[in-house]
Amino acid sequence: MEKRATFGSTGIGLMFAAPILLLIFVFFYWPAGQALFWAFTLEQPWGGGNTFVGFQNFERLLADPVYWNSIGRSLVFGLGSTSIAMGFALVLALLTDRELAGSRIYKSVLIWPYAIAAPAIGLAFRFIMAPEAGLLANINRIWPGAWNPALDGTDAMISVILAFSWKYVGYNFIFFLAALQSIPATLTEAAAMDGSGPLRRMRDIQLPLLMPTLFFLLIINITESFQDSFGIVDIMTLGGPARATELMVYKLYFDGFKGLDYSGAAAQSVILMLLVVGLTIVQFRFIERRVHYK
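Residues numbered from 1 in each chain as written. Predicted model: local features only at pLDDT ≥ 70, side-chain atom pairs only at ≥ 80, totals over all residues. Heavy atoms only, no water.

### Points about the overall build of the protein chain
Keep this limit in mind: Secondary structure is summarised from DSSP: a helix means a run of H or I of at least four residues, a strand means a run of E of at least two, and numbering begins at the N terminus for each. Burial status follows relative accessibility: with a 1.4 Å probe on protein chains alone, a residue under 20% of its type maximum counts as buried, one over 50% as exposed, and anything between as partly exposed. Accessibility throughout is a Shrake-Rupley quantity obtained with a 1.4 Å probe, and a residue counts as covered only by protein chains that appear here. Positive charges are assigned to Lys and Arg, negative charges to Asp and Glu, while His and the chain termini are left out of the count. Just so you know, the charge point we use is NZ for Lys, CZ for Arg, CG for Asp and CD for Glu.
Across its full length, the protein chain holds twelve helices and two strands. Order of helices (α) and strands (β) in the protein chain, N terminus to C terminus: α-β-β-α-α-α-α-α-α-α-α-α-α-α. With respect to the principal axes defined by its C-alpha atoms, the protein chain has extents near 75 × 75 × 35 Å. The buried share of the protein chain, taken over its 294 residues, is 38%. Approximately 17,500 Å² of the protein chain is accessible, and the part contributed by carbon and sulfur atoms is 69%. Where the 20 positive side-chain charges of the protein chain centre and where its 19 negative ones centre are 7 Å apart.

This is the structure:
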């Protein structure tokens, strides 16, 4: 018979819950409330009180083409990094699930990049992508000037997308592998006996059964691409060249901490939150229809 711990009074239970509730309030609800308050006020750069301005901060942002460009770049970054990270992770999980040579090593090694801090990844990829001496410098030896993230905005965006994708390949791989191993072996064995090859089994059996995991990882990857990209962009490109990699989260930081526009940065944080929530709702509204839970 299952035994459960019970408390004689509500007060004891609240005492155990109090530390985590305090942490959530101090590090989430209080900063979020302050940002919401600042978004509707004019905060002086060096203190001196707040002046209520209503929706003026939002109107100023939405009338700024530079801010709309940062939204577009964030969407490109999110879709690009999510596609690469999930695509490579799925291929690796399928290969590992077939117990190919070295699969046991892959299971333990591929999760390591996710444990590395984003600034450390940005620093590593900054050297890897360097046009003078990085791994891609060989392209410039064949075609001089073909690769230069410091001057070309497209090259810079490709660099930060690859760096961010590399971090999340291992995270996605673990979920895909766990989902593949939960598929009954009798299904794939029966398909193999009927003459279906690996690609046919993947298309007709494995991918449909992976849809709940694909949907979950799609939401996580897109959400993280809007929130966890700051460290990589700050180390690799500083939002450049010519704002080519100035994503929403980096523009928020730059305007708030460099430009001392606290109210504008707070309004940007509210818009960023609403955009992430909106994208999540769209995914649940239109994509989840094709997800079949077993």
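On we go from here.
### Focus: the side chain of Asp255
Filter applied, for reference: Any N or O atom pair separated by 3.5 Å or less is treated as a polar contact, with the protein-specific requirement of one donor-capable and one acceptor-capable atom, and with residues adjacent in sequence counted only for side-chain atom pairs. Whether two residues touch is decided by their heavy atoms; if any such pair falls within 4.5 Å, the residues are in contact.
Its place among the elements puts Asp255 in helix H11 (residues 248–258). At 2.8 Å, the side chain of Asp255 and the side chain of Gln268 are in polar contact. Residue contacts for Asp255: discarding those within four places in its chain leaves Leu260, Asp261 and Gln268.

### Structural notes on the pattern of salt bridges
Put simply, the rule reads: The term salt bridge refers to a pairing of a side-chain nitrogen on Lys or Arg with a carboxyl oxygen on Asp or Glu at a separation within 4 Å.
This model, assessed by the stated rule, comprises three salt bridges. As a salt-bridge pair, Asp261 and Arg60 come within 3.4 Å of each other at their nearest N and O atoms. A residue pair is termed long-range when its members are at least 10 positions apart, and Asp261 in the loop between H11 and helix H12 (262–287) and Arg60 in helix H2 (residues 56–62) qualify at 201 residues. Arg60 sits in the partly exposed class, given a relative accessible area of 43%.

### Regarding the side chain of Lys167
Here Lys167 lies in helix H7 (residues 153–181). Buried charged residue Lys167 carries no salt bridge. Nearest counter-charge: Asp228, at 4.4 Å. A distance of 2.9 Å separates a polar atom in the side chain of Lys167 from the backbone oxygen of Ile116. Setting aside anything within four residues of it in sequence, one finds Lys167 in contact with Pro113, Tyr114, Ile116, Ile121 and Asp228.

### Details of a nonpolar patch on the surface
Cut-off, in case you're wondering: Exposure above 30% relative accessible area and the absence of a salt bridge qualify a residue for a patch, where like charges join within 9 Å and nonpolar side chains (Val, Leu, Ile, Met, Phe, Trp, Tyr) within 5 Å.
Judged by side-chain polarity, Ile20, Leu21, Leu22, Leu23, Ile24, Phe25, Val26, Phe27, Phe28, Tyr29 and Trp30 come together as a nonpolar surface patch covering roughly 1,200 Å² of accessible area. Tracing the backbone through its elements, the reader meets Trp30 in helix H1 (residues 10–39).

### Side note on the environment of Glu43
Its place among the elements puts Glu43 in strand S1 (residues 41–43). A C-alpha to C-alpha distance of 66 Å links Glu43 and Ala192, two positions 149 residues apart in sequence. Discounting chain neighbours no more than four positions away, the residues touching Glu43 are Trp38, Gly49, Asn50, Tyr262 and Ser263.

### Quick word on unusual backbone geometry
Cis geometry is found at the peptide bond from Gly240 to Pro241, where omega equals -5°. Along the polypeptide, Pro241 turns up in the loop between helix H10 (230–236) and H11. You will see that Leu260, though not glycine, has its phi angle at about 55°, which is positive. With respect to the element layout, Leu260 can be found in the loop between H11 and H12.

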